[in-house]
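Close look at the chain arrangement
Next come the chains, spelled out residue by residue.
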Amino acid sequence: MTVAEELHFGRAAARLHIVQSAVSQQIRRLERELGAELFDRSPRHVRLTGAGERLLPEARAVLVAADRARAAVAPVAALRLGTSTGLGEHLDRVLAAFAEREPGVQVELVSLPAEERLARVADGRLDAAFVRGATPQEHPPGLRVLPLWSDPLVAALPAGHPLAAREEVALDELAGLPLSITARRINPALVDLVVGACHDAGFEPLPGPTSGSLQDTLATIGARPLWTVVYGSHARVLHTPRVAYVPFRAPGLALATGLAVHGSAPTPYLDGLLAACGHHEN
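Residues numbered from 1 in each chain as written. Predicted model: local features only at pLDDT ≥ 70, side-chain atom pairs only at ≥ 80, totals over all residues. Heavy atoms only, no water.

**Overview of the packing of aromatic side chains**
What the rule picks out here adds up to two aromatic pairs. Plain terms: the ring middles of Phe9 and Phe39 are 6.0 Å apart, the flat faces sit at 65° to each other, and that makes the pair edge-to-face. Of this pair, Phe9 sits in helix 2 (residues 9–16) while Phe39 is found in strand 1 (residues 39–41), placing the two residues 30 residues apart along the sequence. Residue Phe9 is classed as buried on the basis of its relative accessible area, which comes to 9%. When its relative accessible area of 5% is taken as the criterion, Phe39 is described as buried. (Phe/Tyr/Trp six-rings, centres within 6.5 Å; stacked < 30°, edge-to-face > 60°. Helix = DSSP H or I, 4+ residues; strand = E, 2+ residues; numbered from the N terminus. Buried < 20%, exposed > 50% of the residue type's maximum accessible area, 1.4 Å probe, protein only.)

What follows is the structure, encoded as structure tokens:
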């Protein structure tokens, strides 16, 4: 499933936290067992074959069934909650408030790209997930996204850069610095917001290095003249002395955060989770 979602053996291996050769060996073993090639491999691309396309929904169903089987005999109540990088103080607050309301329920945090978080809520492998900036047209069928809060973004700059001493920074003042930001496939809402705002400010952002994690990006910014964006709630809990966090000049940049839940089969702990998030129905 992971190779089919990424269509890249290296990225699949990184997500699975195993070496690429192990992923390739497992796929070849599965193909031998099934007597069919599942992927069309070439130096330029990886694509599902017809057999692979037919197997993929069945593979998803097998994993969902396995999760349900485990849940049927699980001795401890649990909430499976999808998270994303940058929730910062929000996540600490929500978890503390939920523990007060549901002291017997364990919370399993699962960090995944936004698209997969939504897919797992839709097929029942997650009870709920935090998402940012997703429009209803981007949701899998059967999902609801309940609004929670708006997250302002701040600019992350080298601490020694002249702009780092400012109380706020205008976006166009960053035009001369390369932008280091996550790949769009990981967080399309964030990338579209930032790149679109740069265009509105009259410049095309200079491409900087794309790191595998925010921690790596911040470490690079501490050593090189680059910039990126960080959620303000996350910046307040980061300890990065070589990086400064500067608010954007009004109107600033912000992304709305919501909670994705299944429309017809909500978790039994949804009310407690929404109360912990501070959500109020209109």
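**Topic: the nonpolar core**
Formed by 24 residues in total, the largest nonpolar core has its most connected members in Leu174, Val194, Trp227 and Phe248. Sort the elements by how many residues they give to this core and helix 7 (residues 188–200) lands first, with six residues. Excluding anything up to four places from it in sequence, Leu174 contacts Ala155, Leu157, Leu163, Val169, Trp227 and Phe248. Of all hydrophobic cores here, the second largest spans 21 residues; its members include Val94, Ala128, Leu148 and Ala276. (Core = buried A, V, L, I, M, F, W, Y, C linked by side-chain atoms within 4.5 Å. Contact = heavy atoms within 4.5 Å.)

**Regarding the side chain of Ser84**
Mapped onto the secondary structure, Ser84 falls in the loop between strand 3 (78–83) and helix 5 (89–101). Taking the relative accessible area as the measure of exposure, Ser84 reaches 17% and is therefore buried. A distance of 3.1 Å separates a polar atom in the side chain of Ser84 from a polar atom in the side chain of Arg132. When neighbours within four sequence positions are excluded, Ser84 is seen to be in contact with Arg117 and Arg132. (Polar contact = N/O pair within 3.5 Å; in protein donor to acceptor, adjacent residues only side chain to side chain.)

**Topic: the layout of surface pockets**
Space left empty within the atom packing is revealed by a probe, the size of a water molecule, rolled over the atoms. The space that makes up the largest pocket amounts to roughly 1200 Å³. The wall of the largest pocket is formed by 42 residues, among which Thr85, Pro113, Thr182, Ile186 and Asn187 lie closest to the centre. Across the lining of the largest pocket, the residue classes break down as 18 nonpolar, 16 polar and eight charged. (1 Å grid on protein atoms, 1.4 Å probe; cavity = no way out; pocket = protein on both sides within 12 Å on 5 of 7 lines; lining within 4 Å. Points joined across faces, edges and corners; volume = space filled by probe spheres on them. Nonpolar A, V, L, I, M, F, W, Y, C, P; charged D, E, K, R; others polar.)

**Examining the packing of helix 5 against helix 10 (residues 270–277)**
To describe two helices that pack against each other, one gives the angle between their axes and the distance between the axes. Put simply, helix 5 and helix 10 touch, their axes get as near as 8 Å, and they point 135° apart. Relative to helix 10, the element helix 5 lies oblique. For helix 5 against helix 10, the interelement crossing comes out right-handed. Contacts between helix 5 and helix 10 pair Arg93, Val94, Ala97, Phe98 and Arg101 from the former with Gly272, Leu273, Ala275, Ala276 and Cys277 from the latter. (Axes fitted to C-alpha atoms, helices over the stretch in contact; angles between N-to-C directions. Parallel < 35°, antiparallel > 145°, perpendicular 65-115°, else oblique. Left-handed = near helix turned anticlockwise from the far one by under 90°.)

**Looking at the environment of Leu87**
Mapped onto the fold, Leu87 is located in the loop between strand 3 and helix 5. Classification of Leu87 by relative accessible area gives buried; the value is 2%. Measuring from C-alpha to C-alpha, the distance between Leu87 and Leu226 comes to 23 Å, with 139 residues separating the pair along the chain. Sequence-distant contacts of Leu87, that is, excluding residues within four places in its chain, are made with Phe130, Arg132, Trp149 and Ser233.

**Points about helix 5**
The end-to-end C-alpha distance of helix 5, which contains 13 residues, comes to 19 Å, matching closely the 18 Å that a straight helix rising 1.5 Å per residue would cover. Where helix 5 is concerned, the buried positions are His90, Leu91, Val94, Ala97 and Phe98. Angular distribution of buried residues about the axis of helix 5 spans 140°; they occupy a single face of the element. Looking at the packing, one finds that the buried side of helix 5 touches strand 3, strand 4 (106–111), strand 5 (128–132), strand 6 (143–158), helix 9 (232–235) and helix 10. (Expected span 1.5 Å × (residues − 1). Arc of directions from axis to C-beta.)

**Examining the environment of Ile186**
Assignment of secondary structure puts Ile186 in the loop between strand 7 (178–179) and helix 7. Sequence separation between Ile186 and Ala114 is 72 residues, and the spatial gap between their C-alpha atoms is 6.8 Å. The residues touching Ile186, leaving out its near neighbours within four places in the chain, are Pro113 and Ala114.

**What about the pattern of salt bridges?**
Within the structure shown, the criterion is met by 14 salt bridges. Of the charged contacts in the structure, one is a salt bridge between Glu116 and Arg120, with a shortest N-O distance of 2.8 Å. Placement of the pair is Glu116 and Arg120 together in helix 6 (residues 114–123), with a separation of four residues, close to one helical turn. One salt bridge in this structure joins Arg166 and Glu173, with 2.9 Å as the shortest N-O distance. (Salt bridge = Lys/Arg side-chain N within 4 Å of Asp/Glu carboxyl O.)

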